[in-house]
Amino acid sequence: MLALDQQRRRGIWAFYAEASARERGCAVSERGAVLLDTTPPFELHEVQCDNGENLLLQCQGGICRQAN
């Protein structure tokens, strides 16, 4: 039986958020990118790194920038 994790939210740009985190030196944890918020111009993702650091990234059109 397939069980879906309803707690984990993924957005359209989750793949790009994870790739952007890796470019910033993050070893992305099993959790991957989690969608925190979506607005018309962008998605806000949190990416947890294996070292315990979390990155907040705003992604739009496949381009992700670190959120302040």
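All values reported here derive from a predicted model rather than from experimental measurement. (Residues numbered from 1 in each chain as written. Predicted model: local features only at pLDDT ≥ 70, side-chain atom pairs only at ≥ 80, totals over all residues. Heavy atoms only, no water.)

J.: Just to check I follow, could you spell out the environment of Arg24 for this structure?
T.: You can see Arg24 is positioned in the loop between helix H1 (14-23) and strand S1 (28-38). You can call Arg24 partly exposed: its relative accessible area is 38%. The spacing of Arg24 and Leu55 is 31 residues in sequence and 9.4 Å in space, taken between C-alpha atoms. Leave out the neighbours within four places in its chain, and Arg24 touches Leu55, Leu57, Cys64, Arg65 and Gln66. At 2.2 Å, the side chain of Arg24 and the side chain of Ser20 are in polar contact. (Helix = DSSP H or I, 4+ residues; strand = E, 2+ residues; numbered from the N terminus. Buried < 20%, exposed > 50% of the residue type's maximum accessible area, 1.4 Å probe, protein only. Contact = heavy atoms within 4.5 Å. Polar contact = N/O pair within 3.5 Å; in protein donor to acceptor, adjacent residues only side chain to side chain.)

J.: Just checking my understanding: could you explain the nonpolar core for this structure?
T.: As a rule of thumb, soluble globular proteins bury nonpolar side chains together. Core analysis: the largest hydrophobic core is formed by 12 residues, namely Ala14, Ala17, Ala21, Cys26, Val28, Ala33, Val47, Cys49, Leu55, Leu57, Cys59 and Cys64. Contributions of two or more residues to this core are made by H1, S1, strand S2 (43-49) and strand S3 (54-60). (Core = buried A, V, L, I, M, F, W, Y, C linked by side-chain atoms within 4.5 Å.)

J.: Any chance you could explain the packing of aromatic side chains here in plain terms?
T.: A ring pair, where both rings are aromatic, is described by two values, the distance of the centres and the angle of the planes. This structure, assessed with the given rule, holds two aromatic pairs. Look at Phe15 and Tyr16: their rings are 5.4 Å apart centre to centre, the planes differ by 90 degrees, and that puts the pair in the edge-to-face class. Using a relative accessible area of 37% as the deciding quantity, one classes Tyr16 as partly exposed. Of the aromatic side chains, those joined through ring pairs into one cluster are Trp13, Phe15 and Tyr16. (Phe/Tyr/Trp six-rings, centres within 6.5 Å; stacked < 30°, edge-to-face > 60°.)

J.: Mind showing me how you'd approach the sheet that holds strand S4 (residues 63-66) here?
T.: Sheets are built from strands paired through backbone hydrogen bonds, the pairs being either parallel or antiparallel. A sheet is described by the order of its strands in space; here four strands give the open sequence S1-S2-S3-S4, paired in antiparallel fashion. With partners counted over all chains shown, the strands left at the sheet margins are S1 and S4, one partner each. Each adjacent strand pair in this sheet contributes to an overall mean axis angle of 30 degrees, direction not counted. In this structure, S3 lies alongside S4, joined through four bridges in antiparallel fashion. What sits directly across from Gln58, in S4, is Arg65. Relative to S1, H1 is tilted by about 125 degrees, and along the sheet it contacts S1, S2, S3 and S4. (Pairing = 2+ DSSP bridges. Axes fitted to C-alpha atoms, helices over the stretch in contact; angles between N-to-C directions.)

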